There are 4 protein chains.
Amino acid sequence: MGGNTIGKLFQVTTFGESHGKALGAVVDGCPPGLTLTEEYIQKELDKRRPGKSSGQSPRREKDKVEILSGIFQGYTTGTPIALLIYNVDVDSSAYEKIKDVFRPGHADFTYFIKYGGYRDYRGGGRSSGRETVARVAAGAIAKRILEEYGIEVTAYTISLGGIFAKERNLEVIYKNHLFCPDMEAYKDMCEKIEKTKREGDSLGGVVEVLARGVPAGLGEPVFDKLNAELAKAIFSIGAVKGMEMGAGFKVASMKGSENNDPISPYGFLKNDAGGTLGGISSGQDIVIRVAVKPIPSIRKTQKTINEKKEEVEISVGGRHDISAIPRIVPVIEAMVRIVLADHLLRQLANLAFQKRLKFPEFFER
Amino acid sequence: MGGNTIGKLFQVTTFGESHGKALGAVVDGCPPGLTLTEEYIQKELDKRRPGKSSGQSPRREKDKVEILSGIFQGYTTGTPIALLIYNVDVDSSAYEKIKDVFRPGHADFTYFIKYGGYRDYRGGGRSSGRETVARVAAGAIAKRILEEYGIEVTAYTISLGGIFAKERNLEVIYKNHLFCPDMEAYKDMCEKIEKTKREGDSLGGVVEVLARGVPAGLGEPVFDKLNAELAKAIFSIGAVKGMEMGAGFKVASMKGSENNDPISPYGFLKNDAGGTLGGISSGQDIVIRVAVKPIPSIRKTQKTINEKKEEVEISVGGRHDISAIPRIVPVIEAMVRIVLADHLLRQLANLAFQKRLKFPEFFER
Amino acid sequence: MGGNTIGKLFQVTTFGESHGKALGAVVDGCPPGLTLTEEYIQKELDKRRPGKSSGQSPRREKDKVEILSGIFQGYTTGTPIALLIYNVDVDSSAYEKIKDVFRPGHADFTYFIKYGGYRDYRGGGRSSGRETVARVAAGAIAKRILEEYGIEVTAYTISLGGIFAKERNLEVIYKNHLFCPDMEAYKDMCEKIEKTKREGDSLGGVVEVLARGVPAGLGEPVFDKLNAELAKAIFSIGAVKGMEMGAGFKVASMKGSENNDPISPYGFLKNDAGGTLGGISSGQDIVIRVAVKPIPSIRKTQKTINEKKEEVEISVGGRHDISAIPRIVPVIEAMVRIVLADHLLRQLANLAFQKRLKFPEFFER
Amino acid sequence: MGGNTIGKLFQVTTFGESHGKALGAVVDGCPPGLTLTEEYIQKELDKRRPGKSSGQSPRREKDKVEILSGIFQGYTTGTPIALLIYNVDVDSSAYEKIKDVFRPGHADFTYFIKYGGYRDYRGGGRSSGRETVARVAAGAIAKRILEEYGIEVTAYTISLGGIFAKERNLEVIYKNHLFCPDMEAYKDMCEKIEKTKREGDSLGGVVEVLARGVPAGLGEPVFDKLNAELAKAIFSIGAVKGMEMGAGFKVASMKGSENNDPISPYGFLKNDAGGTLGGISSGQDIVIRVAVKPIPSIRKTQKTINEKKEEVEISVGGRHDISAIPRIVPVIEAMVRIVLADHLLRQLANLAFQKRLKFPEFFER
């Protein structure tokens, strides 16, 4: 039961299904006095809008966000901010004929079992990647908070379909629709996408996310470590099958003398830790890599069964992306921002007490 | 603030420092009527006891667990079970001379910053790996719960210091002190450990964890996905730098048609998903791999600074392990069990309502 | 930070301001397979609709609820149910001239301090009683859950403006607009309201709430006792200044031999406890009384100050109720239902484990 | 399931049974740098120690608290503070003969039902008032936090067995064992206790609690209102049957013009609200009254049944108090402090962000 809320002081609750009436989020814990507009949030949503290029679904989601509460005269008031995105241009007819089929790689089977057969089969319902639109909207509010402390989160594609970015040129990531930091690799990725499209198949990849300007001290021992909370947030994205931080899986073959980041009077001399020590941010960049599986909906024929356990062949044609990659990039950014905003506030409580921060007094005592 | 509690219905809170008086856990949410003894818990603790073999610290931790509450006449009563492990054989003298030094790869620096200079520098205090003894104790109670549903969790070492297990022979993992499922690889690992010990260095590795018998339906959309909660639990272990599930990072180079697990009337035909679909268990085995960094405490001289920002050379001699690997294996098992027990209970609430499970009536109506 | 979510397994998050765009709730944790319609929820909302009679604000709130998610083909799916109520017929002009004034008895001052001067002054913003419309909508879903277990919650007015109901005739409570179980008292209450209206003043009262059919065993030791959670839920309603259970404040002058409820083989012989023992439901009716303060918005001139600490006289005319009573009755019902639904599910998890409730198996093992 | 943890940033988890091995608490969220000793905590525990006077149980509980973690060199470190109180002088023999009897007014029946028959019948087990010793210990840490902000919480007995304190002379409350602010009333109360003791009966009463120096701005809309959280904390104490704030139940017969507290440039002109407006502290004293039921364990013969539904007569002799009053006073103080400390930290996070409180920088940027 439950499970659609994340965060402790900065708390995000989302709702909505792929082909339902609307998706949305309630953000509770945004401090007062921040400017916030629908345009600001929309900008983040537009990052995940499909239909801009090859490899993406032609569904013309407008994903127009509406702020329903929590803002007055352009400023946040400290009360919950509700964000609403109506589903438009929804055509569920394609799902009618496969409504009792368990699509391979999808949550159809597990939702069927978990909820005793009651499930919205249209586009995967709540389990659809489309659910993340609400996360991106909520993440924009986290972004607004982090801005005030100079914290920047940037995600980009470092591998897609087996093609690897050799460069990390962050300046070009918004100049290509795959958020790739290497324009050469980008071209190869596009080719690979086109080829895979023709084959009726799909592609996985790896996204790297970088958080810069994170102050030292965020994260709590022992279970709410910053990396633990980031891991939860990132693995809560449907297509994610792996995550590593700093040197990541390479640590398995490293020695302590190689892996430890030496410290000098001017700071750390390298960053194999990826930004945390003992689960608490060290002031270094947070560096995380995320493995993204290929989109399970493919045109190629697959074998599966239906709710009656009958064998079925399925080809999921239509309006589907070839890779989750371009859309998942802003989602990963959003989740990292949500966790950072939450831990920023948690550590501010700690710091404020350490400094015995004074409460405002209106009346003379 | 906070952060030392994990779980929603099965809730574990831990406390204690490496060189403090005691470590322990309060387990809230264990159902009534289960047999539970100190011996049962002790067995799990003994799995992580050092001093059994080469590569491990000679500190003679007895780690004798005491049950303080929640058990009556040998049965759990449904009330919180407090577990206590006194620290014995503690010698903090080695830490006096480095009390203001930030050991590389340790949390000394981040705790110093986070807590305004107040920190228990003896053996890393709360940030020590020793903290996990309380998790293992609590995990034994989770194990007791899972047993009732035939759920088994087993972790084992598949790589250490660059040596990889080729076999997955689970029958031998308790026959070697590294929990390695390949006796050939085990021998090489031991040699590597001896060599590294002589060099005054340490080693990382990879642990795989397998959960068998997990019913379909555990995990909640969208943030409390089973894999998301497992990721948090696993990344909350200090030495963890990476985690992957099923095919893991390999998905990045796979096609949808390869990655999707086909479904037949007799079940899934393979398990690249690693046991969840849409974040909910599918009834397949849960398969996770965890990257463990080399222990940062090494005899080799390292450069670092102290609290006054002065350059310091440090050689951490004494009673240290060469790899976190053998000890971390039962910790990973414990964390996976804690998450599974929590989600088992969450899904039982859901199922019980679906079945309109009757409440016991004592008086006739 | 935070604070707009209540419940553990049945979780309600609300948002919205009195004069904002919309109010709403996200209900996370409703089990699947329940029929649920907008009409069903609307019926509860209509109970708190003003303009039906004397003593209530003429504002023509339509409070039309819209379900945005979580329902498919008429059934709940187990995913979050978002409920939306747009604010219509909103005229904020009256608030412009008092926008910097702290209305006595209202939260204007405390919100001003808490949020550093950023506040939606129109109709009290988030602190308005209007916020409870979202609770009533969410409470309707809790009602739907409780129905399945034969649990009924009924609230009614037992005192208003110093006039006390002598009878507890529950059959008449929906036959008068004050939900009074005594038609004689009702008439006197109406007269009192008319008189007070002419004086430009307002009235307090007492509401009693009765929960029948609650099974024994709901509530958790020691902090999440059923009465403790009910107390939180009830005191979270703005106008509430007191709550008592069973014999309530009378226990202060009772002896143990009087106060204890004797138990016979056929059940308890009386119910001074009010339905719980040790914080856990006993199977007896839950009986709670709630003290409701007079509405602070009155036409009578009051002394207060503005944000600049200048003395101000204020007369809050316009569209205001004379007593919170009729509207607060469904709100109290809603809050009690939300707590009961949450604890029903929590105890179901416990019971299901005690019974080793089987998980559904789709594939043969 | 669960329920033994309270608080969000300042989190208290308790464990232990009346006749078990030990009771204790884990306090997570105490900021670093506070001096804290066992003596400081012991002082609070001694307030609830029986055996000091008539009307209290002769059981010689020493209730010696031990700090197990979270303190280093006399200062809090920001990590969890575990507190342990071993049960000594425990004689459970009296409970053997009533082990299957449901004592009237106790939780025996509800625990029996809830936990499927598994219950520690010795002294009520977890449902015993003795459990509150852990709360008082934890409350001492909250007290230590509040001291830093000049917040003082004081509880005292204003009625016992139908005798009412006419005065509120706080200077005498520690000069009499009932914490009564009226020495005349105290004498009458003592006489009443003696008389009731001879009758083999017990007495209820009312405790008032006063929190002074609470800054304006504590409490969160809408569910985590300060009064709502206080209500939960107070109703979580076993013997509590009612709570009112400020004018309390009197508001039911008041008019708005009487009940509203006028505001002047120098502050509020009276305090019928009892310290909060809209659920947020106003800077006025918080004033709460708590109805405490007579202790259910009495020597007088009572009718009840046992687990087999057989009629039984019971006389609970032995070492029992006549009233919960003197012991419950420090418990109420503890619970109010725990809630205030939690909300102090929550509002500090808010304030710190509003002020853009700087994070410490160790390295130059």
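The following paragraphs examine the structure supplied in this document. (Residues numbered from 1 in each chain as written. Chains lettered and ligands numbered in written order. Predicted model: local features only at pLDDT ≥ 70, side-chain atom pairs only at ≥ 80, totals over all residues.)

### Digging into the sheet that holds strand E7 (residues 81–86) of chain C
All names here are of chain C. Selection criterion: A pair of strands is treated as paired once DSSP finds two or more bridges between them. Each helix is a run of H or I in the DSSP string that is no shorter than four residues. Each strand is a run of E no shorter than two, and both are numbered from the N terminus.
Spatial ordering of the open sheet is given by E1-E2-E3-E7-E4, a layout of 5 strands whose pairing is antiparallel. Of all the strands in the sheet, the pair left with one neighbour each is strand E1 (5–6) and strand E4 (65–67). Inspection of the sheet shows E4 paired to E7 by 3 bridges, in the antiparallel sense. Of the residues in E7, the one forming a bridge with Glu 66 is Leu 84.

### A closer look at the relation of the copies chain A and chain B
For the record, the criterion: A least-squares superposition brings the copies together, and it is based on the C-alpha atoms of residues with pLDDT no lower than 70 in both. With C-beta atoms placed from the backbone, a contact is any residue pair whose C-beta atoms sit within 7 Å.
Relative to chain B, chain A is turned by 180° and slid 0.0 Å along the rotation axis, the superposed coordinates differing by an RMSD of 0.0 Å. What we have between these two chains is a two-fold relation. Within chain A, Lys 232 of chain A has its C-alpha nearest the rotation axis, a separation of 2.4 Å. The residues that chain A uses at the interface reappear at the interface of chain B in 100% of cases, marking a shared surface.

### Observations regarding the relation of the copies chain B and chain D
Rotating chain B by 180° about the axis while translating it 0.0 Å along that axis superimposes it on chain D, leaving an RMSD of 0.0 Å. Both copies present the same face, since 100% of the interface residues in chain B are matched by interface residues at the equivalent positions in chain D.

### Quick look at the interface of chain A and chain B
Note the following rule: Three classes are used: nonpolar for Ala, Val, Leu, Ile, Met, Phe, Trp, Tyr, Cys and Pro, charged for Asp, Glu, Lys and Arg, and polar for all others, with Gly counted as polar.
Contacts between chain A and chain B engage 93 residues on the former and 93 residues on the latter. For the side of chain A that touches chain B, the element with the highest residue contribution is helix H6 (residues 226–235) of chain A, accounting for 6 residues. Across the side of chain A that touches chain B, the residue classes tally to 37 nonpolar, 37 polar and 19 charged. Looking at chain direction, strand E11 (residues 240–245) of chain A and strand E11 (residues 240–245) of chain B are connected through 3 bridges and run antiparallel. Pairing of Glu 244 of chain A across the sheet is with Gly 242 of chain B, part of E11 of chain B.

### With respect to the interface of chain B and chain D
Across the boundary between the two partners, chain B contributes 41 residues, which contact 41 residues of chain D. Residue composition of the side of chain B that touches chain D, by class: 17 nonpolar, 17 polar and 7 charged.

### So, the sheet that holds strand E1 (residues 5–6) of chain D
Backbone-to-backbone hydrogen bonds pair the strands of a sheet. The strands run either parallel or antiparallel. All names here are of chain D. Note the threshold: Where helices are involved, their axes are fitted lines through C-alpha atoms of the stretch in contact, as for all axes, and angles between N-to-C directions lie from 0 to 180°.
A sheet is described by the order of its strands in space; here 5 strands give the open sequence E1-E2-E3-E7-E4, paired in antiparallel fashion. The sheet is open, and its two borders are formed by E1 and strand E4 (65–67), each paired with just one other strand. Bridge count between E1 and strand E2 (residues 11–16): 2 bridges; the pairing is antiparallel. Its bridge partner lying in E2, Ile 6 is registered against Val 12. Sheet contacts for helix H4 (residues 132–147): E2, strand E3 (22–28), E4 and strand E7 (81–86); angle to E3, the most-contacted strand, approximately 30°.

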